[in-house]
Amino acid sequence: IIEPFINSVPQHIHEIRTAFESEDWRTLSDCAHTIKSSSAMVGATVLSRMAYKLEHHPEYLPDVQHVYDFIVKFEKIAEQTLAILQQELDSK
């Protein structure tokens, strides 16, 4: 399940960014939900928790600028997480 996760996350992050830019909050939440669930399954708990906040952004992020800033952080954490998981795969 790790390899499909690694392969799918960049597309979902792209969709989150596109949804943000077009203010399509439903799609943003749906993509975050997908990442939340799949990251939990591979043990990426920090990414999963961040995806939860992004999924429920009206509750946790008070305005559009906070959502944007959070997406930037989310992307960085996702990159780091994917790099660690890829290292694990490569070492096997």
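Residues numbered from 1 in each chain as written. Predicted model: local features only at pLDDT ≥ 70, side-chain atom pairs only at ≥ 80, totals over all residues. Heavy atoms only, no water.

A word on the side chain of Lys36
Part 1: Along the chain, the position of Lys36 falls in helix 2 (residues 25-41).
Part 2: Apart from the residues lying within four places of it in its own chain, the contact partners of Lys36 are Ser48, Ala51, Tyr52 and Glu55. (Helix = DSSP H or I, 4+ residues; strand = E, 2+ residues; numbered from the N terminus. Contact = heavy atoms within 4.5 Å.)

A closer look at the packing of aromatic side chains
Part 1: Applying the stated criterion across every chain yields a total of 3 aromatic pairs.
Part 2: Ring geometry for Phe20 versus Trp25: centroids 5.9 Å apart, planes at 65 degrees, classification edge-to-face.
Part 3: Trp25 sits in the partly exposed class, given a relative accessible area of 27%.
Part 4: Taking 5.8 Å as the distance between ring centres and 40 degrees as the angle between the ring planes, the aromatic pair formed by Phe20 and Tyr68 counts as tilted. Here Tyr68 lies in helix 5 (residues 64-90) and Phe20 lies in helix 1 (residues 2-21), a separation of 48 residues in the sequence.
Part 5: According to the relative accessible area criterion, Tyr68 is partly exposed, its value standing at 32%. (Phe/Tyr/Trp six-rings, centres within 6.5 Å; stacked < 30°, edge-to-face > 60°. Buried < 20%, exposed > 50% of the residue type's maximum accessible area, 1.4 Å probe, protein only.)

Quick word on helix 3 (residues 45-55)
Because an α-helix completes one turn every 3.6 residues, residues spaced three or four positions apart along the sequence face the same direction.
Part 1: All buried positions along helix 3 are accounted for by Leu47, Ser48, Met50, Ala51, Leu54 and Glu55. Projection of helix 3 onto a plane perpendicular to its axis shows the buried side chains occupying an angular sector of 165 degrees, all on one side.
Part 2: Close packing links the buried residues of helix 3 with helix 1, helix 2, helix 4 (57-60) and helix 5. (Arc of directions from axis to C-beta.)

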